[in-house]
Amino acid sequence: MLSALEDRASIGYAAQDDLLRTLVQMAQKRPDERLWQLILFYAFFPALLLVRTSTVSEEESGDLHGILWSSFLEILHVYPLERRSGSVAKGLLMDTKKQYCRILAQAHKAEVQRRRLCMDAYRLKGLRGGEYFTVAPMRRSK
């Protein structure tokens, strides 16, 4: 099975797509059995690495590998095999890349917002002669 997943030409593209479809069905039916997820990780690992390297450089890695693997698993378990025609491999990769890029965009947006807040805080500190503003604790209503 693993050699058929590595070399599409050995069994043909249609047969490999059928094999992937069956593996995805097994992963969806039995999410507690990690075997199906591991086989699919093995099959998609090179393509997932390409997704990873095409979005962010290695220096900026952080926990981005984990985010990519989590995105793949999330898409794997909700991928609509019955409603989707075409290549299962292309569909899984496309949906995973969309999910991953969405998460990266949200993280970037949060970082930009954090930097703006820090800049505003430094600017306010300068206006008050170096004093920090303090915020009174909220009172609980009864």
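Residues numbered from 1 in each chain as written. Predicted model: local features only at pLDDT ≥ 70, side-chain atom pairs only at ≥ 80, totals over all residues. Heavy atoms only, no water.

**Student:** Tell me about the packing of helix α4 (residues 34-55) against helix α5 (residues 64-78), and name the residues and values.
**Tutor:** The geometry of α4 relative to α5 is characterised by a closest axis approach of 11 Å and an angle of 125° between their N-to-C directions. The angle between α4 and α5 places the two elements in the oblique class. Crossing of α4 over α5 shows right-handed handedness. Facing α4, whose interface residues are Q37, L40, F41, F44, F45, L48, L49, V51 and R52, α5 presents L64, H65, L68, W69, F72, L73, L76 and H77. (Axes fitted to C-alpha atoms, helices over the stretch in contact; angles between N-to-C directions. Helix = DSSP H or I, 4+ residues; strand = E, 2+ residues; numbered from the N terminus. Parallel < 35°, antiparallel > 145°, perpendicular 65-115°, else oblique. Left-handed = near helix turned anticlockwise from the far one by under 90°. Contact = heavy atoms within 4.5 Å.)

**Student:** An account of the packing of aromatic side chains is requested, with residue identities and associated values reported.
**Tutor:** The description of two aromatic rings rests on the distance between their centres and on the angle between their planes. Enumeration over the complete set of coordinates arrives at 4 aromatic pairs. Ring geometry for F45 against W69: centres 5.6 Å apart, planes inclined by 35°, an arrangement best described as tilted. Here the residue F45 occupies a position in helix α4, and W69 occupies one in helix α5, the gap between them amounting to 24 residues. F45 gets classed as partly exposed once you look at its relative accessible area, which sits at 41%. Of the aromatic side chains, those joined through ring pairs into one cluster are F41, F44, F45, W69 and F72. (Phe/Tyr/Trp six-rings, centres within 6.5 Å; stacked < 30°, edge-to-face > 60°. Buried < 20%, exposed > 50% of the residue type's maximum accessible area, 1.4 Å probe, protein only.)

**Student:** Requested: an account of the side chain of T96, with residues and values cited.
**Tutor:** Tracing the backbone through its elements, the reader meets T96 in helix α6 (residues 88-127). Residue T96 is classed as buried on the basis of its relative accessible area, which comes to 0%. Setting aside anything within four residues of it in sequence, one finds T96 in contact with L48, L68, S71, F72 and I75.

**Student:** Explain helix α3 (residues 13-29) residue by residue, including any values.
**Tutor:** For α3, spanning 17 residues, the distance from its first C-alpha to its last is 24 Å, which sits close to the expected 24 Å at 1.5 Å a residue. Within the span of α3, buried status applies to Q16, D17, L20, L23, V24, M26 and A27. (Expected span 1.5 Å × (residues − 1).)

**Student:** Go over the nonpolar core, please, and point to the residues and values.
**Tutor:** By size, the foremost hydrophobic cluster in this structure holds 24 residues, and its most contacted members are V24, L40, F44, F72, V88 and L92. Among the secondary structure elements, those contributing two or more residues to this core are α3, α4, α5 and α6. Residues contacting V24, with those up to four places away along its chain left out, are L40, L76, L81, V88 and L92. (Core = buried A, V, L, I, M, F, W, Y, C linked by side-chain atoms within 4.5 Å.)

**Student:** Any details on the pattern of salt bridges? Residues and values, ideally.
**Tutor:** Two side chains carrying opposite charge are able to pair once their charged atoms lie near each other. This structure, assessed with the given rule, holds 4 salt bridges. In this structure, the salt-bridge partner of R30 is E33, at a minimum N-O distance of 4.0 Å. Relative accessible area serves as the criterion here: at 40%, R30 is assigned to the partly exposed category. Of the residues examined, E33 reaches a relative accessible area of 36% and is grouped as partly exposed. The structure contains a network of salt bridges with shared partners spanning E111, R114 and R115. (Salt bridge = Lys/Arg side-chain N within 4 Å of Asp/Glu carboxyl O.)

**Student:** So what's going on with the packing of α3 against α4? Which residues, and what values?
**Tutor:** It is at 9 Å that the axes of α3 and α4 come closest, and there the two elements cross at 140°. As far as their axial angle goes, α4 and α3 are oblique. Considering only the axes of α3 and α4, their crossing is left-handed. Residues L20, L23, V24, M26 and A27 of α3 lie in contact with α4, whose contacting residues are W36, I39, L40 and F44. Its residues placed into classes, the contact of α3 with α4 shows 9 nonpolar, no polar and no charged. (Nonpolar A, V, L, I, M, F, W, Y, C, P; charged D, E, K, R; others polar.)

Remember, this is a structural readout, not a statement about activity or role.
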